[in-house]
Amino acid sequence: MEFTNIDKNLNNGQNMGGIAQVAYYCAWSDVESWPTKPTAPATIEENGTLTGNVVLKPGKQMHEIYITDDTGEFEIETVGEMDGKSFVTHLRLFNPGLKKKLLGFINWAKNENLVFIVKDNDGQYYLMGDDTRAAIYNGSPDGSGTSRETAGRRGISMEFTYKTANVYTYAGTIPLTPAASA
């Protein structure tokens, strides 16, 4: 692999935190094929990038989930002992209200294997899920419900986690229309 200097690396001085107000999800079982992880990367950048697209089974598609501004976070946590390091990525979000659609989603997602595509505020995407592991619901870190006060926040907070040996960016497409039959 060809190494290079790693400078400040801020595009036009921009480095805004947080994630976009929309993430994309589907059932892990709906994925037909996955992008390729780097196997013999020529450059250090290639070592942090997936190649190809998430391809879904015929008739399947990804869907959007709205995120209240400044409640969404994509965190990369290092885990493991010496000589056994890996990562757990966390997607945390809050969706307002307690509408039937949101309750139905959380009822389904709580024990489901999922896939997420998350966009940060710099326009970079991350894929949570691969051919070995899915993203899973991990709880409600900021609480859920009606709130106590009339000025409180009504809705559901959610956290999804994904365990991975390495962290990559995703430059592929987001399948937002039903996949065609082969």
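Structure: see above.
Overview of the structure. (Residues numbered from 1 in each chain as written. Predicted model: local features only at pLDDT ≥ 70, side-chain atom pairs only at ≥ 80, totals over all residues. Heavy atoms only, no water.)

**A short note on the nonpolar core**
Membership of the largest hydrophobic core comes to 22 residues, with the highest contact counts inside it found for Leu-91, Phe-116, Met-128, Met-158 and Phe-160. When contributions to this core are tallied by element, the ones reaching two or more residues are strand 1 (22–27), strand 6 (86–96), helix 1 (100–109), strand 7 (114–119), strand 8 (125–128) and strand 11 (155–164). Ignoring anything within four residues of it in the chain, the contact list for Met-128 reads Phe-74, Thr-89, His-90, Leu-91, Leu-114, Val-115, Phe-116, Val-118, Ala-135, Phe-160, Thr-161 and Tyr-162. (Core = buried A, V, L, I, M, F, W, Y, C linked by side-chain atoms within 4.5 Å. Buried < 20%, exposed > 50% of the residue type's maximum accessible area, 1.4 Å probe, protein only. Helix = DSSP H or I, 4+ residues; strand = E, 2+ residues; numbered from the N terminus. Contact = heavy atoms within 4.5 Å.)

**What to know about the sheet that holds strand 7**
To summarise the sheet geometry, strands pair through backbone hydrogen bonds and adopt either a parallel or an antiparallel arrangement. Read across the sheet, 4 strands follow the order 4-1-7-8 without closing on themselves; strand pairing throughout is antiparallel. The two strands at the open ends of the sheet, each matched to only one other strand, are strand 4 (63–66) and strand 8. When the angles between neighbouring strand axes are averaged without regard to direction, this sheet yields 25°. Sheet analysis places strand 1 next to strand 4, joined by 4 bridges and oriented antiparallel. Counterpart to Val-22 in the pairing with strand 4 is Tyr-66. (Pairing = 2+ DSSP bridges. Axes fitted to C-alpha atoms, helices over the stretch in contact; angles between N-to-C directions.)

**As for the pattern of salt bridges**
In total, this model carries 5 salt bridges according to the counting rule given. Put simply, Lys-60 and Asp-30 hold a salt bridge, and the shortest N to O gap is 3.9 Å. Taken together, the positions of Lys-60 in the loop between strand 3 (55–56) and strand 4 and Asp-30 in the loop between strand 1 and strand 2 (31–33) put the pair 30 residues apart, joining distant regions of the chain. With a relative accessible area of 36%, Lys-60 lands in the partly exposed category. Note on Asp-30: relative accessible area 14%, which makes it buried. Between Asp-130 and Lys-37 there is a salt bridge, and its shortest N-O distance comes to 3.1 Å. Pair noted here: Asp-130 is in the loop between strand 8 and strand 9 (136–139) and Lys-37 is in the loop between strand 2 and strand 3, with a separation of 93 residues, a long-range link. Lys-37 sits in the partly exposed class, given a relative accessible area of 34%. Linked through salt bridges whose partners overlap, the residues forming this network are Glu-73, Glu-75, Arg-92 and Glu-159. (Salt bridge = Lys/Arg side-chain N within 4 Å of Asp/Glu carboxyl O.)

**Let's talk about the environment of Thr-132**
Its location among the elements puts Thr-132 in the loop between strand 8 and strand 9. The class for Thr-132 is exposed, based on a relative accessible area of 61%. On a C-alpha basis, the gap between Thr-132 and Asn-166 in space is 13 Å, while along the polypeptide they are 34 residues apart. Among the polar contacts listed, one links the side chain of Thr-132 to the side chain of Asp-131, at a separation of 3.3 Å. (Polar contact = N/O pair within 3.5 Å; in protein donor to acceptor, adjacent residues only side chain to side chain.)

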